[in-house]
Amino acid sequence: MSDDDQRLMAAWREGDKRAGGQLIDRHFASILRFFRNKVGSAAEAEELTQRTFKGAVEGAQRFRDQSTVRTWLFGIARNVLRQWIEETVRVRGRSGDSGSISIADLGIGPSTALAQRREQRVLLEALRRLPIESQLVLELSFWEQLSAREIGEVLACPEGTARSRLRKAKFELRAVLDELEREAGQLESTMQGLETWARELRAAWG
């Protein structure tokens, strides 16, 4: 898909609007999923997805081949999310910067309707309690199956830094799960099932 994406991007930058439409169709579901567990409603997630692709349309000429189209789009989505968090912080009178504050800190309700199993609901709730940048790197890893190098492209940081952030986020997630799951056996089950449940949720969220 990456080679096809690069070909479509090249055509889009040359003025082929149909190629741009194909790129948007390819990545719409994953960008929508990016916002689903971070904002208060499906309508809001769709609106932020539209903002992301509007940014892509406006910035297509600035795209550089150092990243893939997919990670470039997630980078735009990350910036859109940070702007949304800053707006929400101001409206709700909260404090904290857009990277360290959590979705739970903002008082945003969980999007757990599609989590069929108790463990999945626990996982989604735990992710929402992490600093937003930690939630983001974990979901890019588990939901979108991006490598550390690709996560670095999204975050605009070296691969080694991305690996460090991913390790830190996993430790933070375990600590939050420990709060939610007091029985050690349940905690181990939740951690061991993390990748499986992430794949199931990814499939359920399109």
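Owing to the predicted nature of the structure, the values given are computational and were not obtained by experimental measurement.

(A) Examining the nonpolar core more closely. Judged by nonpolar contacts, the single largest core of 55 residues is most densely connected at Phe35 and Trp84. Looking at which element gives the most residues to this core, the answer is helix α4 (residues 69–92), with 11 residues. With sequence-adjacent residues up to four places away left out, phenylalanine 35 is seen in contact with Ala45, Leu48, Thr49, Thr52, Ala77, Val80 and Leu81.

(B) Representation of the side chain of glutamate 139. Residue position: glutamate 139 is located in helix α6 (residues 132–142). Engagement of the side chain of glutamate 139 in a polar contact is seen with the side chain of lysine 38, the distance being 2.5 Å. Not counting residues up to four positions away in its chain, the partners in contact with glutamate 139 are Phe34, Asn37, Lys38, Leu127 and Glu144.

(C) Broad picture of the packing of helix α7 (residues 148–155) against helix α8 (residues 159–180). Axis separation between α7 and α8 bottoms out at 8 Å; the angle between their running directions is 100 degrees. Put simply, α7 runs roughly perpendicular to α8. The residues of α8 that touch α7, namely those facing Ala148, Arg149, Ile151, Gly152 and Leu155, are Glu159, Ala162, Arg163 and Arg165. Here the residues of the contact of α7 with α8 are counted per class, giving four nonpolar, one polar and four charged.

(D) Representation of the environment of valine 122 within the structure. Relative to the helices and strands, valine 122 is located in helix α5 (residues 118–128). As a C-alpha pair, valine 122 and valine 176 span 54 residues in sequence and 9.9 Å in three-dimensional space. Those residues within four positions of valine 122 in sequence are excluded, and the remaining contacts are Leu177, Leu180 and Glu181.

(E) Summary view of the pattern of salt bridges. The full count for this structure, using the stated rule, is 16 salt bridges. The residue glutamate 87 makes a salt bridge to arginine 51 at a minimum N-O spacing of 3.6 Å. Separated by 36 residues along the polypeptide, glutamate 87 in helix α4 and arginine 51 in helix α3 (residues 42–59) bring together distant segments of the chain.

(F) Region of interest: helix α2 (residues 17–36). Under the 1.5 Å per step criterion, the end-to-end length of α2 is 28 Å for 20 residues, consistent within 8% with the ideal 28 Å. Within α2, the axis deviates most sharply at histidine 27, by approximately 45 degrees. By the burial criterion, the buried members of α2 are Ala19, Gly20, Leu23, His27, Ser30, Ile31, Leu32, Arg33, Phe34 and Phe35.

Calculation rules
- Residues numbered from 1 in each chain as written.
- Predicted model: local features only at pLDDT ≥ 70, side-chain atom pairs only at ≥ 80, totals over all residues.
- Heavy atoms only, no water.
- Core = buried A, V, L, I, M, F, W, Y, C linked by side-chain atoms within 4.5 Å.
- Buried < 20%, exposed > 50% of the residue type's maximum accessible area, 1.4 Å probe, protein only.
- Helix = DSSP H or I, 4+ residues; strand = E, 2+ residues; numbered from the N terminus.
- Contact = heavy atoms within 4.5 Å.
- Polar contact = N/O pair within 3.5 Å; in protein donor to acceptor, adjacent residues only side chain to side chain.
- Axes fitted to C-alpha atoms, helices over the stretch in contact; angles between N-to-C directions.
- Parallel < 35°, antiparallel > 145°, perpendicular 65-115°, else oblique.
- Nonpolar A, V, L, I, M, F, W, Y, C, P; charged D, E, K, R; others polar.
- Salt bridge = Lys/Arg side-chain N within 4 Å of Asp/Glu carboxyl O.
- Expected span 1.5 Å × (residues − 1).
- Bend = angle between axes of the 7 residues up to and from the residue.

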